[in-house]
Amino acid sequence: ASMGTAATAYTLNMDGNLIASAGTLIAPASATLFTYSGAIWVTPTVFTHSSGTIVFDLAGTTDIANASTQFNAVTVSDGTTITHTTLAVTCAGALTIGGGVSGAWTPTTGTLTANGAVTVNSGGTLGGNTAWTGVINANVTNSGGTIHLGTGTKTVAANTTIANTTGTLNVN
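Residues numbered from 1 in each chain as written. Predicted model: local features only at pLDDT ≥ 70, side-chain atom pairs only at ≥ 80, totals over all residues. Heavy atoms only, no water.

Caption draft 1: Summary view of the side chain of T69. Positionally, T69 belongs in strand β10 (residues 68-71). In this structure, T69 is in contact with W41, I64, A88, V89 and T90, ignoring residues within four places of it in sequence. (Helix = DSSP H or I, 4+ residues; strand = E, 2+ residues; numbered from the N terminus. Contact = heavy atoms within 4.5 Å.)

Caption draft 2: Fine view of the side chain of H84. Position of H84 among the secondary structure elements: in the loop between β12 (80-83) and β13 (88-91). Among the polar contacts listed, one links the side chain of H84 to the side chain of W105, at a separation of 3.1 Å. If near-sequence neighbours (up to four positions away) are discounted, H84 is found in contact with D63, I64, V89, W105, T106, P107, T108, T109, G110, T111 and L112. (Polar contact = N/O pair within 3.5 Å; in protein donor to acceptor, adjacent residues only side chain to side chain.)

Caption draft 3: Seen up close, the pairing of β13. Relative to β13, β10 is paired through four bridges, and the arrangement is parallel. Counterpart to F71 in the pairing with β13 is C91. Both β13 and strand β16 (residues 111-114) contribute to a ladder of four bridges, which runs parallel. Residue pairing for β16: V89 is matched across the bridge by L112. (Pairing = 2+ DSSP bridges.)

Caption draft 4: Local environment of the sheet that holds β10. Sheet architecture is open: five strands sit in the order β10-β13-β16-β19-β21, paired in parallel fashion. At either end of the open sheet lies a strand with only one pairing partner, and these are β10 and β21 (154-156). Looking at each pair of strands side by side, their axes are set apart by 10° on average, direction ignored. (Axes fitted to C-alpha atoms, helices over the stretch in contact; angles between N-to-C directions.)

Caption draft 5: Fine view of the packing of aromatic side chains. Under the defined criterion, the tally for this structure stands at six aromatic pairs. Ring centres 5.9 Å apart and planes at 85° place the aromatic pair Y36 and F56 in the edge-to-face group. Of this pair, Y36 sits in strand β5 (residues 33-36) while F56 sits in strand β8 (residues 53-56), placing them 20 residues apart in sequence. Accessibility classification places Y36 together with F56 in one group, the buried group. Plain terms: the ring middles of W41 and F56 are 5.8 Å apart, the flat faces sit at 70° to each other, and that makes the pair edge-to-face. (Phe/Tyr/Trp six-rings, centres within 6.5 Å; stacked < 30°, edge-to-face > 60°. Buried < 20%, exposed > 50% of the residue type's maximum accessible area, 1.4 Å probe, protein only.)

Caption draft 6: Focus on the confidence of the model for the chain. Averaged over the chain, the pLDDT score is 83; the fraction of residues at 70 or greater is 91%. Confidence, read as mean pLDDT per element, is least for strand β1 (residues 2-3) in the chain (56) and greatest for strand β14 (residues 95-97) (95). (pLDDT = per-residue confidence, 0-100.)

Caption draft 7: Molecular detail of a nonpolar patch on the surface. Taken together, V156, I162, L169 and V171 make up a surface patch of nonpolar side chains, about 330 Å² in accessible area. Note that V156 resides in strand β21. (Patch = residues over 30% accessible without salt bridge, like charges linked within 9 Å, V, L, I, M, F, W, Y side chains within 5 Å. Areas by Shrake-Rupley, 256 points an atom, 1.4 Å probe, with all protein chains shown as cover. Salt bridge = Lys/Arg side-chain N within 4 Å of Asp/Glu carboxyl O.)

Caption draft 8: Expanded view of the pairing of strand β11 (residues 73-76). By the bridge criterion, four bridges tie β8 to β11 in an arrangement that is parallel. Within β11, the position partnered with V55 by the bridge is T75. Two strands pair when backbone bridges link them, and β11 and β14 are joined in this way by three bridges, in the parallel orientation. Along β14, the bridge assignment pairs V76 with I97.

Caption draft 9: Spotlight on unusual backbone geometry. Phi angles above zero are rare outside glycine, and S50 is one such case at about 55°. Structurally, the position occupied by S50 is in the loop between β7 (46-48) and β8. When its relative accessible area of 18% is taken as the criterion, S50 is described as buried. Notably, S51 is not glycine yet its phi reads approximately 60°, a positive angle. Looking at the element boundaries, S51 is found in the loop between β7 and β8.

Caption draft 10: The arrangement of the environment of I26 in detail. With respect to the helices and strands, I26 occurs in strand β4 (residues 24-26). On a C-alpha basis, the gap between I26 and G93 in space is 17 Å, while along the polypeptide they are 67 residues apart.

Here it is, written out as structure tokens:
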């Protein structure tokens, strides 16, 4: 089964868990909005991000429970925490955490690959005091949030900056 149409502009607002074992989920095209308010993200066999942005906006924790997930741009709203354990998550586009109050992306032992700019806004958190693995291939800006590099391996591409304009950068 399939849900969505490639390169089509539509708004998709999912206010429940996404648990699919087979099929295809095609996100809206880049000029439209895909919001997700579920506690569990388990996509079908094929997830096509369509170069769009997904906004996680659950007032609570969303667990990404796929073996491997590739997003384009991701926004983690105030009040939302994204977690993933022993999984590989890739953001091809921008990763924006928090809208000025809170919001967190806290992998435990999984891998987060950021190929687009990463912004941690005031009150936002990236990482945790855990052994997560990070591959950073674009600039990171901390604008009043907290970045925890934790104990796992972090690889930062050449000519990439981590700008801690305000906020906290924990290297442990």
